[in-house]
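For reference, the chains in residue letters:
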Amino acid sequence: MLTTDRVLSTVRRGRSFSASLAGRARSARRPLQVVILAAGMGTRLGRAEPKPLTRLRDGRTILQRQLAALRAVLGDDVPITAVVGYRSELIMSAAPDLTFAYNPDFAVTNTSKSLLRALSNSRPGGVLWLNGDVVFDPAVLELALPWLRADHSTICVDTNTVADEEVKYTLDEGGYVRELSKTVVGGLGEAVGINYVSGADKATLISHLERCADTDYFERGIETAIAAHGLRFRPVDISRFGAVEVDFEADLLRANTLLPGTTALLPELIDIEIEGELAAEAS
């Protein structure tokens, strides 16, 4: 693995660190839209405000950091919808420039129903979605960007750790996700809560989210869509960068170690790796 001592902060510079990938993003014709799932009550963290409004060490909230990363990599004009529920007025006033979808059943439903609401009201084309409590290095989006622009359904994963509480995954013979849940045995890593569904796969995922129980996480809909209809979600290994879902105080401490969100990877290396995989898949 080639590395470099040259460190770039994508958020501070206001643009992505790979000029070729940024150009690819600007020239892409497929519409890209983003959803942030922010309806939950966040009871495990034990704060009065919604988890996306949790303040980080640098003074920004989780939501502010997410928005900065999304706009730095995808462009200032990328359309972003937040699904809100618990104390929705706080999130709406904190980010009034977003579009909002409301989950009125936030107290008794899980992420499957919030994602269902968002996807059902989305524009044609694929959708990138992320949990409203995930703190991540902007380079995670850089790494996933070519797959998004190629309209491949993807799940960002971290192979550094496999904790019991986290959503784990296994792969099929072709290298695509087979199982995806907290109860997976023999998991290869953790799903970090940043995912993309292609325009072609979206309707099928919606139908499976509709069948999910109110208490199901959205990963259940993905898993049943894979088993029943052969949907193929490619794992994108972001282990070289940081991504933490903040469920507990210990997670918040870990998330703060990611700041200020710098990376140390050759831009050319990303191009080589991604273009090689895309070529192999097309052959």
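Within each chain, residues carry numbers counting from 1 in the order of the written sequence. Only residues with pLDDT of at least 70 are given local features in this predicted model, and only at 80 or more are side-chain atom pairs given and counted; all residues enter the totals for whole chains, interfaces and linings. Side-chain measures were taken over the full set of non-hydrogen atoms in the model, leaving aside hydrogen atoms and water.

1. Regarding the side chain of Ser153
How we decide: A helix here means a DSSP run of H or I that spans at least four residues, while a strand means a run of E at least two residues long, and both kinds are numbered starting from the N terminus. To sort residues, take the accessible area from a 1.4 Å probe on protein chains only and compare it with the maximum for the residue type: under 20% means buried, over 50% means exposed, and anything in between is partly exposed. Two N or O atoms form a polar contact when they lie within 3.5 Å of each other; inside protein one atom must be a possible hydrogen donor and the other a possible acceptor, and for residues adjacent in sequence the pair counts only when both atoms belong to side chains. Contact criterion: two residues are considered in contact whenever any of their non-hydrogen atoms come within 4.5 Å of each other.
Position of Ser153 relative to the elements: it lies in the loop between helix H6 (139-149) and strand E7 (154-158). When its relative accessible area of 3% is taken as the criterion, Ser153 is described as buried. At 2.7 Å, the side chain of Ser153 forms a polar contact with the side chain of Asp201. If sequence neighbours within four positions are ignored, Ser153 has contacts with Tyr196, Val197, Ser198, Asp201, Arg232, Phe233 and Arg234.

2. Focus: the nonpolar core
Test applied: Here the nonpolar core consists of buried residues drawn from Ala, Val, Leu, Ile, Met, Phe, Trp, Tyr and Cys, with membership extended through side-chain atoms lying within 4.5 Å.
In terms of nonpolar packing, the biggest core is built from 38 residues, with Leu70, Leu74, Leu128, Phe136 and Ile194 touching the most fellow members. Mapped onto this core, the elements with two or more residues apiece are strand E2 (33-38), helix H3 (62-74), strand E3 (80-84), strand E5 (127-131), strand E6 (134-136), H6 and strand E10 (190-197). A total of 8 residues in this core trace back to one element, the largest contributor, which is H6. In contact with Leu128, not counting residues within four places along its chain, are Gln33, Val34, Val35, Leu70, Leu74, Leu141, Leu148, Ile194, Asn195 and Tyr196. Leu115, Val127, Ala191 and Leu205 belong to the second largest nonpolar core, which has 28 residues in total.

3. Considerations on the layout of surface pockets
What counts, and what does not: In the cavity and pocket records, a cavity denotes points on a 1 Å grid over the protein atoms alone where a 1.4 Å probe fits but cannot get out, a pocket denotes an open set with protein on both sides within 12 Å along at least 5 of 7 lines, and lining residues are residues with an atom within 4 Å of a point. Grid points are joined across faces, edges and corners, and a volume is the space filled by probe spheres set on the points. Classes in brief: Ala, Val, Leu, Ile, Met, Phe, Trp, Tyr, Cys and Pro nonpolar; Asp, Glu, Lys and Arg charged; the others, Gly included, polar.
Space inside the largest pocket adds up to approximately 630 Å³. Taken together, 28 residues line the largest pocket, and the ones lying closest to its centre are Arg44, Lys51, Asn110, Thr111 and Tyr217. Of the residues belonging to the lining of the largest pocket, the class tally is 9 nonpolar, 10 polar and 9 charged.

4. Regarding the pairing of E10
Applicable threshold: In this analysis, strands are considered paired if DSSP registers two or more bridges between them.
Judged by how many residues are buried, E10 sits mostly within the fold: 8 of 8 residues are covered. By the bridge criterion, 4 bridges tie E5 to E10 in an arrangement that is antiparallel. Across the sheet, Leu130 pairs through a bridge with Ile194, a residue of E10. Note: E7 against E10, 4 bridges, orientation antiparallel. In the sheet register, Thr154 faces E10, and the bridge partner there is Tyr196.

5. Thoughts on the packing of aromatic side chains
Condition: A pair of aromatic rings is counted whenever rings of Phe, Tyr or Trp (Trp by its six-membered ring) have centres within 6.5 Å, and the orientation is called stacked for planes under 30 degrees apart, edge-to-face for over 60 and tilted otherwise.
Taken as a whole and judged by the stated rule, the model has 2 aromatic pairs. Between Tyr86 and Phe106 the ring centres are 6.4 Å apart and the planes differ by 55°, which places this aromatic pair in the tilted class. Of the two residues, Tyr86 is situated in the loop between E3 and helix H4 (88-94) and Phe106 in the loop between strand E4 (99-102) and helix H5 (111-120); the sequence distance between them amounts to 20 residues. Of the residues examined, Tyr86 reaches a relative accessible area of 17% and is grouped as buried. Measuring from ring centre to ring centre gives 5.4 Å for Trp129 and Phe218, while their planes differ by 85°; the resulting arrangement is edge-to-face.

6. Examining the packing of helix H7 (residues 202-211) against helix H8 (residues 218-229)
The condition is simple: With axes taken as lines fitted to C-alpha atoms, and helix axes fitted only over the stretch in contact, angles between N-to-C directions fall between 0 and 180 degrees. Crossing chirality is assigned from the near helix's rotation relative to the far helix, an anticlockwise turn below a right angle marking it left-handed and a clockwise turn marking it right-handed.
Relative orientation of the contacting elements H7 and H8 amounts to 120°, with a least axis distance of 8 Å. Crossing angle aside, the handedness with which H7 passes H8 is right-handed. Packed against H7, whose contacting residues are Thr204, Leu205, His208 and Leu209, the element H8 presents Phe218, Gly221, Ile222, Thr224, Ala225, Ala228 and His229 at the interface. Partitioning the contact of H7 with H8 into residue classes produces 6 nonpolar, 5 polar and no charged.

7. Some remarks on the pattern of salt bridges
Applicable threshold: Counted as salt bridges are all cases of a side-chain nitrogen of Lys or Arg within 4 Å of a carboxyl oxygen of Asp or Glu.
Counted by the stated rule, this structure contains 11 salt bridges. Glu249 serves as the salt-bridge partner of Arg47, at 2.6 Å between the closest nitrogen and oxygen. Taken together, the residues span a long stretch of sequence, with Arg47 in the loop between E2 and H3 and Glu249 in helix H9 (residues 249-256) at a distance of 202 residues. Arg47 gets classed as partly exposed once you look at its relative accessible area, which sits at 27%. Put simply, Arg178 and Glu173 hold a salt bridge, and the shortest N to O gap is 3.0 Å. With a relative accessible area of 39%, Arg178 lands in the partly exposed category. Overall, the relative accessible area of 75% leaves Glu173 in the exposed class. Via salt bridges that share partners, Arg44, Lys51, Asp133, Glu165, Lys182 and Asp247 belong to a single interconnected network.

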